[in-house]
Amino acid sequence: MEKLTFYAVSAPEKLDRIGAYLAERLSRDVVRHRYGYVLIAMEALDQLLMACHSQSIKPFVESFLHMVAKLLESGEPKLQVLGTNSFVKFANIEEDTPSYHRRYDFFVSRFSAMCHSHHEDPEVQTEIRLAGIRGIQGVVRKTVNDELQATIWEPQHMDKIVPSLLFNMYKIEDIDSRICLPSSPSGGEKEENPSVLAENCFRELLGRATYGNMKHAVRPVFAHLDHHRLWDPNEFAVSCFKIIMYSIQAQYSHHVIQEILGHLDARKRDFPRVRAGIIQALLQAVAIAAKGSIGPTVLEVFNTLLKHLRFSVDFELSDRRGSVSSANFSASSKENDERIVQNAIIQTIGFFGSNLPDYHRSEIMMFMMGKVPVMGATSHTLDTSQLGDLGTRQIRIMLLRSLLMVTTGYSAKTIAAALPAPFLDPLLSPSLMDDSELRQLVLEILHNLIDRHDNRAKLRGIRIIPDVLDLKIKREKISRQDVNFIKKHGQQLYRHVYLGFKEEDNVQKNFELLYTTLALITIELANEEVVIDLIRVAIALQDIAIVNEDNLPMFHRCSVMAVVAAYLNFLSQMIAVPAFCQHVSKVIETRNVEAPYFLPETIFREKYSLPKSLEKDATNLFFLTNKMAESLGGSGYCVERLSVPYIPLVTDEDRLSRRKSIVDTLSIQVDILPGCNLEEKVSSTEQITFEALKQAIDSNGLEEQEKEKRRLVIEKFQKAPFEEIAAQCETKANLLHDRLTQILERTIRPPPSPSGTMTITAGHTHYQSVPVYEMKFPDLCVY
């Protein structure tokens, strides 16, 4: 062998003839089953291949590969293993120049077939499978780095390689112990365990894939999982996608997610558990991809998942209707399976959203809020027209649950950034619906966005807090942006909280969430003006329970009184005004003795007897406005507004949510818009033009203008601060007075003779016998 090697190195042009001779001998020995000579010939070929590196080795390689193919075609396991080992040695040789004509189609097919060996002897079977996996690994290493050998990524090759590796990776007893991170098994384990070797080969294959080849490497995974029904249960499928996401290059992660979404669309009418398995695999993929770059698939992921959420609700309702009509008891199991799908979608949305950066998450929140069906609005893109009221309600709940998970952990620098008007208005709309679960979800989402200092857990549970300092509340000085936010949207928040207390289907959780909302507004947004507004809201809530115009049950009335007590106790300690704290403490002590059902520790306890009626004259049990105004006025608070009862404005939302109207605001026309002054009204009667006549004839246009005008008036009274409205009213009154004076000066002419005389004093000057003229109008008498 040494002489032959020296001769081949010294005369490389002879390698071609040497290879042809050895190939001829080996072929003859294989046919005659002379396996000893076969071993000697292959050893000679291997050593010559390893020793010679020259341009003349190309023809020799062809003879070598031809002999390896002969060994692999034989039915003898030992020869197959021998051929594979020789091919692996060849694959590890780096060639100086690429081969333009060499193809490995036969080796891919043969090694893939060896991976599926079912030999009778388990040890031989394992040996053949290991050889097949090592052969595939050799083909990958030999071809994947050569740009001219891109044929390995063609679908016909990947459809053989990937399923062969997955077939060996799947071992029932190893699924639970499989980890997602790259493993580093010992040498012996790597050589003896086909599952471990196949996984390492699969990781190596994916790590070498480029963007253009990614789909060819991933799609056979779906085909294998579908064919072998590995989506239910889906432990192996989830582990496969963990391996894929950790093995590929980070910038290609979004491509895998797109492939999973495409497969989910293709299987949208499959069994619920299959769809749930695909979604859970998607969850693992986005959990890994969200930590890095995920490219343009953010909105696509959410849009596809929301679409499948709607499909799932539709399937659930159709199964329920079918079970009612045909008395099919198996429909309940399908309904439960659809709930599994819905929970998987919500979990995926929440996990994906919570791992996004804040700037991305705010866009997702706006996108999802636009999908929530809002009563009276038809602009949302999630079609629920075919689902009916029950389906629409379920879609709302699912979307709000998803939004709740997305907003968990979100922290904005300002409340205005977390709650922009296009997001706040549709978010608060479900809080007016007759559905306690919807209102709970809205309040929990609101808490996630308002609570920037993680104080919510400290406020959990309605109770009379002895010392707020023990809670160690975290707060900062309110910023100018937050001041502007509460001025603009404060009345809107107060209104929804106030109306939320009046719902008849409220349970204890609703009252707890409403209490937490008031407390968080106090911590994050309260200045002196906001404190006065919150006290007005608290007094109005107390009046709800006392007057009971809405005929609320006794439990609700006592619960409202208890929440007001707990909140005013919290507020008094937060603003630390001694006289105010003393009044609140005195009322709470009196209630503890005479009316414990007005305290949260008592009313929310099970099986506590309720009073038959509430005494309106028991003022010692109520928080009194005059007492609080007196105590706060001494500390510098502007308490004039405390004497004005809080009454929320009624808008179109109440009509759309089928709420009882407090007052028909739409029938009240108030002129307080900045652009409508009195001069324009007076002059408008003199300007009769063609356009004016045309507009007067067009009654529909007038109705639209009136409707828009009323909406602007209502919105202004709802959102504008009290001082701004008062100042504008005063300005309007002064303008009206001045204009009337001008009109009267131009209109009134002195009559021929005065009706009398009078004395006028101006400063230190006295004017006597001044004539007085009188002119009477139908509704006005001017002197």
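Residues numbered from 1 in each chain as written. Predicted model: local features only at pLDDT ≥ 70, side-chain atom pairs only at ≥ 80, totals over all residues. Heavy atoms only, no water.

Novice: I would appreciate a short explanation of the nonpolar core in the present structure.
Specialist: Within soluble globular proteins, side chains that are nonpolar generally end up buried alongside one another. Counting 219 residues, the largest nonpolar core has Phe107, Phe202, Phe241, Leu419, Phe623 and Leu632 as the members making the most contacts within it. No other element matches helix H25 (residues 554-575), which puts 15 residues into this core. Apart from residues no more than four positions distant in its own chain, Phe107 is found in contact with Leu65, Val68, Ala69, Leu72, Phe87 and Val139. (Core = buried A, V, L, I, M, F, W, Y, C linked by side-chain atoms within 4.5 Å. Buried < 20%, exposed > 50% of the residue type's maximum accessible area, 1.4 Å probe, protein only. Helix = DSSP H or I, 4+ residues; strand = E, 2+ residues; numbered from the N terminus. Contact = heavy atoms within 4.5 Å.)

Novice: Got a minute to help me understand the side chain of Asn193 in this structure?
Specialist: Within the element layout of this structure, Asn193 appears in the loop between helix H9 (187-192) and helix H10 (194-207). From its side chain, Asn193 meets the backbone nitrogen of Ser195 in a polar contact 3.0 Å long. (Polar contact = N/O pair within 3.5 Å; in protein donor to acceptor, adjacent residues only side chain to side chain.)

Novice: What's the story with a negative patch on the surface in this structure? I'm lost.
Specialist: Where like charges cluster on the molecular surface, the negative patch consists of Glu120, Asp121, Glu123 and Glu127. In this structure, Glu127 sits in helix H7 (residues 122-143). (Patch = residues over 30% accessible without salt bridge, like charges linked within 9 Å, V, L, I, M, F, W, Y side chains within 5 Å. Areas by Shrake-Rupley, 256 points an atom, 1.4 Å probe, with all protein chains shown as cover. Salt bridge = Lys/Arg side-chain N within 4 Å of Asp/Glu carboxyl O. Lys, Arg positive; Asp, Glu negative; His and termini not counted. Charge placed at Lys NZ, Arg CZ, Asp CG, Glu CD.)

Novice: Looking at this structure, I do not really get the packing of aromatic side chains. What am I missing?
Specialist: Geometry of an aromatic ring pair is reported as the spacing of the ring centres plus the angle between the planes. Scanning the model with the defined rule gives 18 aromatic pairs in all. Ring centres 6.3 Å apart and planes at 50 degrees place the aromatic pair Tyr104 and Phe107 in the tilted group. Classification of Phe107 by relative accessible area gives buried; the value is 5%. Of the aromatic side chains, those joined through ring pairs into one cluster are Phe87, Phe90, Tyr104, Phe106, Phe107 and Phe111. Between Lys142 and the ring centre of Phe90, over which it is positioned, the NZ or CZ distance is 4.4 Å. (Phe/Tyr/Trp six-rings, centres within 6.5 Å; stacked < 30°, edge-to-face > 60°. Lys NZ or Arg CZ within 6 Å of the ring centre and 35° of its normal.)

Novice: Explain the side chain of His556 here, please?
Specialist: Here His556 lies in helix H25. Given the relative accessible area of 7%, His556 is considered buried. In terms of polar contacts, His556 uses its side chain to reach the backbone carbonyl oxygen of Glu504, at 2.8 Å. A distance of 3.2 Å separates the side chain of His556 from the backbone oxygen of Asn506, its partner in a polar contact. Residues in contact with His556, not counting those within four places in the same chain, are Glu503, Glu504, Asp505, Asn506 and Phe511.

Novice: Explain the packing of helix H17 (residues 358-369) against helix H20 (residues 421-428) here, please?
Specialist: How two helices sit against one another is set out by the angle between their axes and by the gap between those axes. Viewed as axis vectors pointing N to C, H17 and H20 meet at an angle of 45 degrees, and their least axial separation amounts to 10 Å. Comparing their axes, H20 and H17 come out oblique. Remark: the crossing between H17 and H20 carries left-handed chirality. The residues of H20 that touch H17, namely those facing Met365, Met366 and Met369, are Pro422, Phe423, Pro426 and Leu427. Looking at the contact of H17 with H20 residue by residue, the class counts come to seven nonpolar, no polar and no charged. (Axes fitted to C-alpha atoms, helices over the stretch in contact; angles between N-to-C directions. Parallel < 35°, antiparallel > 145°, perpendicular 65-115°, else oblique. Left-handed = near helix turned anticlockwise from the far one by under 90°. Nonpolar A, V, L, I, M, F, W, Y, C, P; charged D, E, K, R; others polar.)

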